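Coordinates in review
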Amino acid sequence: MKRVSITNCFFAIVLFNAGALAAAPGQSPPARVSSERNPHHLANMETQTVRLAIHGGAGTIERSKMTPEREREYRAGLERALTAGYEILKRGGSSLDATEAAVRVLEDDPNFNAGKGSVFTSAGTNEMDAAIMDGKTLAAGAVASLKHIKNPISLARLVMEKSGHVMMDSEGAELFAKENGIELVDQKYFFTQERWDALQKIKAAEKSRTSGGGKKFLITDQDRHGTVGAVALDQNGNLAAATSTGGTTNKRPGRVGDSPVIGAGTYANNATCAVSATGDGEYFIRATVARDVSALMEYRGMSLKEAARAALDKVAKLGGTGGLIAIDHEGNMTLPFNTAGMYRGYADPNGNFVVEIYK
Ligand code: GLY
């Protein structure tokens, strides 16, 4: 969507009043602009076309290794997340509510590496990280190394809104959750056979490598990592980003990835864009990916697409793989990745859902 100038707005309003801007069925709705940017002209109009994009992790997702049933499950999970977020945006709800709702759905889905489907640490435990950021105020909340929180993204939101801090971890964060009525669960809740098997495979491969054994193990990115996230633009022109993850399989207990690091895996700023990343966390932290996308737009005047590509290229140069989803303040959207696939979805300008997995 292109930025709509004040002059264009004036003509748009004249046309709008004449009823000429009503979209015919099947056509794109008329361009709308934020009332914050044009407070006098547009105070009583529906002000902004909403946008939503989500991801469920990037990696070596190969068609040949995917069964039709499995693919259906992934697609259905992504669609459920889009529905949860988009319903909120359509009703005039906030981008924060929409991103939190979309991420919660993915956290509850065992197919994705976050919440219920979190991968295992080298100690056979589950440790989750999450973050959320409000593009309007630059408020942010992040949580790390959680062991018992059913929906880490909601605790991240609570940290943002009620703790007076930006980032909390492990027992302290869980105590704060308990005090505020956030749902805690036994570690058993996070057990899934697939993630457990992935840990055993990676441990066996490591043992074989260190003992000089020649046995080959096929370790896919699916075995190693995955992350979920959402970015949204609401009717008031506010951007938000949310990311949640179980981290990487066989990580050391205490390891924290990029997802909860504001500016690395998660960032939102109404002046530029909202970003949620997925991939090799260590590289995304070192390349400060999410903030880089915003900074390249702010300081270099790059488009969202150019900035996202440049930030991801920096990750690739360091040796990392992954992807990101981003929406800018004008409603442009980009979902680049440098892997074979990325579970992803978005609502197009007509509100139709698009779900994709492969390149
Ligand atoms: N990108 C998720 C992680 O590395 O933890």
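Here is a short report on the structure shown in this document. Per-chain numbering applies: the sequence of each chain, read as written, is numbered from 1 onward. With the structure being a predicted model, the display of local features is reserved for residues of pLDDT at least 70 and the display and counting of side-chain atom pairs for 80 or more, all residues being used for whole-chain, interface and lining totals. The basis for the side-chain values is all heavy atoms of the structure; hydrogens and waters are excluded.

Some points on the overall build of the protein
A count of helices and strands for the protein gives 10 helices and 12 strands. Each residue's exposure class comes from its accessible area (1.4 Å probe, protein chains only) as a fraction of the maximum for that residue type: buried when under 20%, exposed when over 50%, partly exposed otherwise. Taken across its 359 residues, the protein has 55% of its residues classed as buried. Working definition of accessibility: Shrake-Rupley area with a 1.4 Å probe, residue cover restricted to the visible protein chains. For the protein, the exposed area adds up to about 15300 Å²; of that, 53% sits on carbon and sulfur atoms. Under the DSSP-based scheme used, a helix requires at least four consecutive residues in state H or I and a strand at least two consecutive residues in state E, with every element numbered from the N terminus.

As for helix H9 (residues 289-300)
Residue count minus one, scaled by 1.5 Å, sets the expected span of a helix. The first and last C-alpha atoms of H9 sit 15 Å apart over 12 residues, in line with the 16 Å expected at 1.5 Å per residue. Within the sequence span of H9, burial applies to Val289, Ala290, Asp292, Val293, Ser294, Ala295, Leu296 and Met297. Buried residues along H9 sit in contact with strand S7 (266-268), strand S8 (273-279), helix H8 (281-286), helix H10 (304-318) and strand S9 (322-328). With its phi angle positive at about 70 degrees, Gly301 sits one or two positions after the end of H9. Contact criterion: two residues are considered in contact whenever any of their non-hydrogen atoms come within 4.5 Å of each other.

As for the packing of H9 against H10
Working convention: axes come from line fits to C-alpha atoms, limited for helices to the stretch in contact. Angles between N-to-C directions cover 0 to 180 degrees. Axis separation between H9 and H10 bottoms out at 8 Å; the angle between their running directions is 140 degrees. Between H9 and H10, the interaxial angle falls into the category oblique. For the pair H9 and H10, the crossing hand works out as right-handed. The residues of H10 that touch H9, namely those facing Val289, Asp292, Val293, Leu296 and Met297, are Leu304, Ala307, Ala308, Ala310, Ala311, Lys314 and Val315. For the contact of H9 with H10, the residue count by class is 10 nonpolar, no polar and 2 charged. Between 65 and 115 degrees an angle is taken as roughly perpendicular, under 35 as roughly parallel, over 145 as roughly antiparallel, and anywhere else as oblique. Left-handed describes a crossing in which the near helix is turned anticlockwise from the far one by less than a right angle; the clockwise case is right-handed. Ten residue types, Ala, Val, Leu, Ile, Met, Phe, Trp, Tyr, Cys and Pro, are classed as nonpolar, four, Asp, Glu, Lys and Arg, as charged, and the remainder, Gly among them, as polar.

Overview of the site of the ligand
Being near a molecule or strand, for a residue, means having at least one of its heavy atoms within 4 Å of it. Around the ligand sit Thr227, Thr245, Gly247, Arg255, Gly257, Asp258, Ser259, Gly279 and Gly281, and those are all the residues in its vicinity. In the model, an oxygen atom of the ligand is placed 2.9 Å from a nitrogen or oxygen of the Gly281 main chain. Here the ligand, which alone exposes 200 Å², has 100% of that area covered by the protein. Pairing of N or O atoms within 3.5 Å defines a polar contact, subject to two protein rules: one partner must be a possible hydrogen donor and the other a possible acceptor, and residues neighboring in sequence count only if both atoms are side-chain atoms.

With respect to the environment of Phe120
Structurally, the position occupied by Phe120 is in the loop between helix H3 (95-107) and strand S2 (128-134). Looking at Phe120, the relative accessible area reads 2%, which means it is buried. Those residues in contact with Phe120 that lie beyond four places of it in its chain are Thr125, Asn126, Phe190, Phe191, Thr192, Arg195, Trp196, Leu199, Thr248, Thr249, Asn250 and Lys251.

Section: the sheet that holds strand S11 (residues 341-347)
Here, any two strands with at least 2 DSSP bridges between them count as paired. An order of S4-S3-S2-S6-S5-S1-S11-S12 is seen for the 8 strands of this open sheet, with the pairing classed as mixed. In the strand order of this sheet, the two ends are held by strand S4 (167-169) and strand S12 (353-358), each with one partner. Adjacent strand axes in the sheet meet at a mean angle of 10 degrees, parallel and antiparallel pairs treated alike. By the bridge criterion, 5 bridges tie strand S1 (residues 51-59) to strand S5 (residues 228-233) in an arrangement that is antiparallel. Across the sheet, the residue bridging to Ala53 is Val231, located in S5. Contacts from helix H2 (residues 68-90) reach S1, S5, S11 and S12 within the one sheet, and its direction differs from that of S12 by about 145 degrees. Its contacts with the sheet put helix H5 (residues 170-179) on strand S3 (140-146) and S4, and the angle it makes with S4 is roughly 105 degrees.

Everything listed is a geometric property; what it means functionally is a separate question.
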